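Single-letter residue listing:
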Amino acid sequence: MRRLIFLAAVAAAVISCKTTDKGTLSVVPYPNEVNILSGTFNAAGADIRFAEDLDKGSAGVIRIFADQLALVTGQTSTINGTDAATHFLFTYDASLPEEAYTLNINKKSAVIKASSLRGFNYAIQTIKQMLPAEIFGKAEAADKDWTLQCVAIKDEPRFGYRGLHMDVSRHFFDMDEVKRYLDIMEVHKLNTLHWHLTDDQGWRLEIKKYPRLTEVGSIRKQTLVGHLFENETYDGTPYGEGCYFTQDQVREILDYAAAKGITIIPEIDLPGHMLAALAAYPELGCTGGPYDVWGKWGVADDVLCVGKESTMQFLEDVLTEVCELFPAEYVHIGGDECPKVRWEECPHCQAKIKELGLKDDERFKAEHYLQGYVTSRMEKFLASKGKKLIGWDEILEGEIAPNATVMSWRGVAGGLQAVRMGHDAIMTPNTFFYLDYYQALDKENEPLAIGGFLPVEKCYSYEPVTASMTEEEKGHILGVQANLWTEYIATPDHLHYMLLPRLAALAEVQWCEPETKNWERFLDSADDFCGIYDVMGYRYGDHLFDARGIVNVKDGVSVVLEAQGETPIRYTLDGSDPTVDSPLYTGPVKISENCTLKARSQRGEMSGRIFVKDFSAHKAMGRPVKILTDTHPNYTFTCPDLLTDGVIGEGPYNSGDFGGWYNRPFEAIIDMGGTTYSEITLSTIVFKYDWIMNPTSFTVLTSEDGKTFTEAAHMDIECEGRMDDANGCQDYTLRLDETSARYLKVTAGCYTSLPDWHPGAGSPGFLFIDEIIVK
């Protein structure tokens, strides 16, 4: 499958992959304009030709390609040679945009045109993915087929910003590992590394004016063991001795990235997430300390005292060295998760609020506007250094700095708000691209993660531009990024496992036009891009090769199964593990009674994960249901089907078993078809840390005509007044006099204002509902 995935026999005539399903290249991200031609080109021993006056960077990536090709094929590829039977020709074309390229391969030549290092390198990455995976290795593989499919490609990325985030603060990854990160970014044509260098748990960048930032701020006394939401235990072992980057090391990494066409944007997170700095310089805080570099995860109340001018001078001094060190046009200042409790009690901060004339209003408290002052001041300072400011979407709270770029992480709402206000936005929603989330639901077989559930297909489904955007607003979406926080990730193998293959899905979202994206084509390429990871020595999640299923409610309940490529699937309905002797899946599996469906792809020795769904039959299972209030767009999943599919969700809330409502009640009507019933259970899930609350009320109504409803039962529901209480799956049951009313209406109230004891007090909450169980 390396050079060409055949979906049918390839005709001898020209085939256009844009308009037919005859054939596609195994390249990720997929080029936006491809014509596959008949014939092949022999790359082994081909001359490599380019003009001597080509810029140094472009010539550098071409020479690296020539050396690599010679190594793996065992045949010399002569630079600007003329004797070989085939040749690559790299030509500068000023008419092409910076990141565009064209690639035209016939039986004798492969002609690449571009106008920059990036364009030439992207063409090379496409060529390499069309060759055997060994092209990415370090050993000769002369026995492989080193021919290229003849093809005509005209390609450029959809978005100019194609980013990946790396957190080296919570756990440190050294210079060699940062380079490895950049290597795999290059394969998939990403152009920006967002480097998270500072946080409560460690300061990782040498600042010459403030040496204690790394002498003290890089080392924490101990680290949390296990998950934040479990009982707190610590390992008692100091972490971080020598775990920071000198400025010389940073320059080496910057040069390494630049040679690949990758820009590195530094993040100095402020004014919150600064405990490491406070431990080194306690006078920067509101209380004066003492402070410790934090050994736990989450959000600390202690933040910078921004009422002191000396603190602002500290920030400007730090950012001066950052601006001098990093050539990128942007500097990321964080701005997220900054509690205001210290500022509310701090005389310096309150004096600054009074000086600036900041007031509480119906939107925010004065302390929120104080953070807006910090952001605005940092933006002006960075502008004086020729830099632009990026901040997390919390910088929208209060007064946003006029030229700030918003990085939208709490779903997509922040990005949408930013572009409506005329600001640039980078979309990095946790609902699609937080790669520290679990890749599979069987957590016992997965390495520890922060939580959630984010399979490859969910990443791939993301579309950053909405139909409601104006053309001007669309122009403010700079691009897309995935974030990989490392609270629970301490080793390179774990880091790579969480990154791959979701990085491949990210790359297609960033690069491909909507009409170019194709999940089935992407899935068929998985053998090949995972083969590249194998050769390069990266660990990755192999979930793409497992059986998957979707539960449908139409004329009853059925399950549609799929696996990568045309891999056969075996399944059982009695709870036993599938074997080669189990029934072969040939079409949707009907479910009408209590059972456990298990399915496994028949790949190799059938050692892959088993897809499992437990079904609990009840009187509403498979019945038609209509929802009257819209779900949150990030948490629709298979609504309304999931309400009567017989699957009782166990979590997490984004597993796909629950639908989510935000700041609005839940209302749904089930057509019971005349059957009798007397008990209704509402199955929900609560996770207060993510603002997911219990329903405020639960009401059942009945009707014969579906228009006029009569209340049959009701309960008001109070919320436990602590964050740790009553999290998890919660069921609520109402009993009524037996009835055969055809239409059953269920409503549930949602918090429109979170209670005072909640960190999000005053903001709306979420309501997550799974099954409506009728007996």
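All values reported here derive from a predicted model rather than from experimental measurement.

1. Observations concerning the overall build of the chain
Check the secondary structure of the chain and you find 18 helices and 36 strands. For the chain, whose C-alpha radius of gyration is 28 Å, the value lies close to the compact-globule estimate of 28 Å for 775 residues. Expressed along its principal axes, the backbone C-alpha trace of the chain runs to roughly 90 × 70 × 50 Å. When the 775 residues of the chain are sorted by exposure, 61% land in the buried category. For the chain, restricting intrachain contacts to residue pairs at least 6 apart in sequence, the fraction spanning at least 24 positions comes to 70%. When the accessible area of the chain is evaluated, it comes to approximately 30200 Å², of which 48% is carbon and sulfur surface. Taken as two groups, the 72 positive and 114 negative side-chain charges of the chain have centres that lie 3 Å from each other.

2. Observations regarding the packing of aromatic side chains
Two measures describe an aromatic ring pair: the distance that separates the ring centres and the angle between the ring planes. Applying the stated criterion across every chain, the model contains 33 aromatic pairs. With centroids separated by 5.3 Å and ring planes inclined at 90°, the aromatic side chains of Tyr-122 and Trp-511 adopt a geometry described as edge-to-face. Taken as a pair, Tyr-122 in helix α2 (residues 117–130) and Trp-511 in helix α16 (residues 502–511) lie far apart in primary sequence, 389 residues in all. No difference in accessibility class separates Tyr-122 from Trp-511, as the two residues are buried. Each ring, one from Phe-522 and one from Phe-529, has its centre 5.2 Å from the other, and the planes form 35°; the classification is tilted.

3. Describing helix α1 (residues 56–73)
When the terminal C-alpha atoms of α1 are compared, their 26 Å separation across 18 residues agrees well with the 26 Å that a helix rising 1.5 Å per residue should span. Taken together, the buried positions of α1 are Ser-58, Ala-59, Val-61, Ile-62, Phe-65, Ala-66, Gln-68, Leu-69, Val-72 and Thr-73. Positioned one or two residues after α1, Gly-74 has a phi angle of 75°, which is positive.

4. Examining the sheet that holds strand β11 (residues 192–196)
Sheet strands pair by backbone hydrogen bonding; their relative direction is either parallel or antiparallel. Strand order in the closed barrel formed by eight strands is β10-β11-β16-β17-β18-β19-β20-β21, and the pairing between neighbours is parallel. Across the sheet, the mean angle from the axis of one strand to that of its neighbour is 30°, orientation sign disregarded. Pairing between strand β20 (residues 425–427) and strand β21 (residues 477–482): three bridges, direction parallel. Pairing of Met-427 across the sheet is with Val-480, part of β21.

5. Thoughts on empty space enclosed by the protein
Gaps left between atoms are located by rolling a probe of water-molecule size over the structure's atoms. Throughout the structure, instances matching the rule amount to two cavities of 30 Å³ or more. Looking at the largest cavity, its volume works out to about 90 Å³. Around the largest cavity sit Asn-430, Thr-431, Tyr-437, Phe-453, Leu-454, Lys-458, Asn-634, Tyr-635, Phe-637, Tyr-653 and Asn-654, which together line it. In terms of residue class, the lining of the largest cavity is built from six nonpolar, four polar and one charged. Of the pockets and cavities examined, the second largest cavity occupies roughly 40 Å³.

6. Description of the layout of surface pockets
The computed volume of the second largest pocket comes to approximately 1500 Å³. Every residue lining the second largest pocket is counted, 45 residues in all, and those nearest its centre are Leu-441, Phe-453, Phe-611, Lys-613 and Ser-655. When residues of the lining of the second largest pocket are traced back to their parent elements, those giving at least two are α13 (456–460), β22 (548–553), β23 (557–562) and β27 (611–615). Broken down by class, the residue content of the lining of the second largest pocket amounts to 20 nonpolar, eleven polar and 14 charged.

7. Quick look at the pairing of strand β6 (residues 87–92)
In terms of strand pairing, strand β5 (residues 47–50) meets β6 through four bridges, oriented parallel. Residue pairing in the sheet places Arg-49 in a bridge with Leu-89 of β6. With respect to chirality, the unit in which β5 leads through α1 into the neighbouring parallel β6 is left-handed. The pairing of β6 with strand β8 (residues 109–114) spans six bridges and is parallel. Its bridge partner being in β8, His-87 is matched across the sheet by Ser-109.

8. Considerations on the environment of Cys-729
In this fold, Cys-729 is placed in strand β34 (residues 728–739). Each C-alpha atom of the pair Cys-729 and Ile-648 lies 9.8 Å from the other, and the pair is 81 residues apart in sequence. Non-local contacts of Cys-729, meaning those with residues more than four positions away in its chain, are made with Gly-649, Glu-650, Gly-651, Phe-658, Thr-684 and Ile-685.

9. Re the nonpolar core
If you look at the biggest cluster of nonpolar residues, it comprises 188 residues, and the most contacted ones within it are Phe-88 and Trp-195. In contact with Phe-88, not counting residues within four places along its chain, are Phe-41, Ala-43, Ala-46, Asp-47, Ile-48, Arg-49, Phe-65, Leu-69, Ala-110, Ile-112, Ile-127 and Leu-148. In this structure, Leu-642, Ile-717, Tyr-732 and Leu-734 belong to the second largest nonpolar core, which totals 29 residues.

10. Overview of a negative patch on the surface
Together, Asp-360, Asp-361, Glu-362 and Glu-399 make up a negatively charged patch on the protein surface. Positionally, Glu-362 belongs in the loop between α9 (347–356) and α10 (366–384). Here Glu-362 falls in the exposed class, since its relative accessible area comes to 74%.

11. Focus: the side chain of Gln-129
Tracing the backbone shows Gln-129 in helix α2. Residue Gln-129 is classed as buried on the basis of its relative accessible area of 2%. Reaching out from Gln-129, the side chain makes a polar contact with the backbone oxygen of Val-187 at a distance of 3.2 Å.

12. Section: the side chain of Asp-47
Counting through the fold element by element, Asp-47 comes out in strand β5. There is a polar contact of 3.1 Å between the side chain of Asp-47 and the backbone nitrogen of Ala-84. Ignoring any residue separated from it by four or fewer positions in sequence, one finds Asp-47 in contact with Thr-78, Gly-81, Thr-82, Asp-83, Ala-84, Thr-86, His-87 and Phe-88.

13. Concerning the sheet that holds β27
Pairing in this open sheet of three strands is antiparallel, and the strands run β24-β26-β27 from one edge to the other. Either end of the sheet is taken by a strand with one partner, and the two such strands are β24 (569–572) and β27. Looking at each pair of strands side by side, their axes are set apart by 15° on average, direction ignored. Across five bridges, strand β26 (residues 595–601) lies against β27 in antiparallel orientation. Note on β27: the bridge partner recorded for Ala-599 is Phe-611.

14. Describing the pattern of salt bridges
Using the criterion set out here, one finds 37 salt bridges in the structure. Between Glu-206 and Lys-208 there is a salt bridge, with its nearest N and O atoms 3.3 Å apart. In this structure, the salt-bridge partner of Arg-410 is Asp-393, at a minimum N-O distance of 2.6 Å. One end of the pair, Arg-410, is in the loop between β19 (405–408) and α11 (413–420); the other, Asp-393, is in the loop between β18 (388–392) and β19, and 17 residues separate them in sequence. Exposure remark for Asp-393: the relative accessible area of 2% places this residue in the buried category. Overlapping salt bridges bring together Asp-442, Glu-446, Asp-542, Asp-546 and Arg-609 as one network.

15. Thoughts on unusual backbone geometry
Note the cis peptide between Val-28 and Pro-29, where omega equals 5°. Along the chain, the position of Pro-29 falls in the loop between β3 (23–24) and β4 (34–42).

16. With respect to the confidence of the model for the chain
The predicted structure's coordinates, where accompanied by low pLDDT, should not be read in detail. On average, residues of the chain score 94 in pLDDT, and 97% of them are at 70 or above. Here residues 1–22 is modelled with pLDDT under 50, and outside its nearest four sequence neighbours on either side it reaches 54 contacts, counting other chains as well.

Conventions we followed
- Residues numbered from 1 in each chain as written.
- Predicted model: local features only at pLDDT ≥ 70, side-chain atom pairs only at ≥ 80, totals over all residues.
- Heavy atoms only, no water.
- Helix = DSSP H or I, 4+ residues; strand = E, 2+ residues; numbered from the N terminus.
- Rg over C-alpha atoms; globule rule 2.2 N^0.38 Å.
- Buried < 20%, exposed > 50% of the residue type's maximum accessible area, 1.4 Å probe, protein only.
- Contact = heavy atoms within 4.5 Å.
- Areas by Shrake-Rupley, 256 points an atom, 1.4 Å probe, with all protein chains shown as cover.
- Lys, Arg positive; Asp, Glu negative; His and termini not counted.
- Charge placed at Lys NZ, Arg CZ, Asp CG, Glu CD.
- Phe/Tyr/Trp six-rings, centres within 6.5 Å; stacked < 30°, edge-to-face > 60°.
- Expected span 1.5 Å × (residues − 1).
- Pairing = 2+ DSSP bridges.
- Axes fitted to C-alpha atoms, helices over the stretch in contact; angles between N-to-C directions.
- 1 Å grid on protein atoms, 1.4 Å probe; cavity = no way out; pocket = protein on both sides within 12 Å on 5 of 7 lines; lining within 4 Å.
- Points joined across faces, edges and corners; volume = space filled by probe spheres on them.
- Nonpolar A, V, L, I, M, F, W, Y, C, P; charged D, E, K, R; others polar.
- Right-handed = clockwise from strand over helix to strand, strands pointing away.
- Core = buried A, V, L, I, M, F, W, Y, C linked by side-chain atoms within 4.5 Å.
- Patch = residues over 30% accessible without salt bridge, like charges linked within 9 Å, V, L, I, M, F, W, Y side chains within 5 Å.
- Salt bridge = Lys/Arg side-chain N within 4 Å of Asp/Glu carboxyl O.
- Polar contact = N/O pair within 3.5 Å; in protein donor to acceptor, adjacent residues only side chain to side chain.
- pLDDT = per-residue confidence, 0-100.

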